[in-house]
Amino acid sequence: MKIEKLTQEALPEGIDLCFDESAFPPPVKVQGGELRALDDMLLIASGGRYKLYTESRDYVRVLEGNGHVKWARGEFPFREGDILRIDGVKEYELNGKGRYCVIRR
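Residues numbered from 1 in each chain as written. Predicted model: local features only at pLDDT ≥ 70, side-chain atom pairs only at ≥ 80, totals over all residues. Heavy atoms only, no water.

Undergrad: Would you mind showing me how to read the overall build of the chain here?
TA: Scanning the chain from terminus to terminus reveals zero helices and ten strands. Reading the helices (α) and strands (β) of the chain from amino to carboxyl end gives β-β-β-β-β-β-β-β-β-β. The C-alpha atoms of the chain give 13 Å as radius of gyration, which agrees with the globular expectation for 105 residues (13 Å, within 12%). The C-alpha extent of the chain, read off along each of the three principal axes, is 35 × 30 × 25 Å. Sorting the 105 residues of the chain into buried and exposed places 39% on the buried side. In the form shown here, the chain has an accessible surface area of approximately 5,800 Å², with 48% of it arising from carbon and sulfur atoms. The positive charge centre, built from 17 side chains, and the negative charge centre, built from 18, are 5 Å apart in the chain. (Helix = DSSP H or I, 4+ residues; strand = E, 2+ residues; numbered from the N terminus. Rg over C-alpha atoms; globule rule 2.2 N^0.38 Å. Buried < 20%, exposed > 50% of the residue type's maximum accessible area, 1.4 Å probe, protein only. Areas by Shrake-Rupley, 256 points an atom, 1.4 Å probe, with all protein chains shown as cover. Lys, Arg positive; Asp, Glu negative; His and termini not counted. Charge placed at Lys NZ, Arg CZ, Asp CG, Glu CD.)

Undergrad: For this particular structure, what's the right way to read the pairing of strand E7 (residues 74–79)?
TA: Consecutive residues of a regular strand have side chains that alternate between opposite faces of the sheet. Relative to E7, strand E6 (residues 57–71) runs antiparallel, the two sharing six bridges. Among the inter-strand pairings, Asn-66 is bridged to a residue of E7, identified as Arg-79. (Pairing = 2+ DSSP bridges.)

Bear in mind that shape data such as this cannot, by itself, settle questions of function.
In C-alpha cells:
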C-alpha cells in the first residue's frame, strides 16, 4: 500500500494519461461533482472531495487544482500537473476542487 508521484517518463508501458476528452460519454452527477467513464479511464470534476475505491492500482493525473489524497495512512499532497500512482490502498479521497484523470489497472 503506497502512494507516490511519478513523471510521464516513469509511467509503465500502456499507461497514457493524455486523452481525447470528446471520446468520453456525457457526465453523470456523482458526489457533488461529475464523472465520465470510458473503458478503464475515469474523468472526474470534483467540487472538493471525491471518494474512490480500488483493489489494484490507480494512476491519477491532476488536470486542474491542488489538494491532497486522504487515505488510511494519512494525507499525500498534490498540485496541478502531478501524476500519482495509488497502489493497493483500497479506499482514498481526492480532496481539493479540481479535475482528475484516473486509469485503473
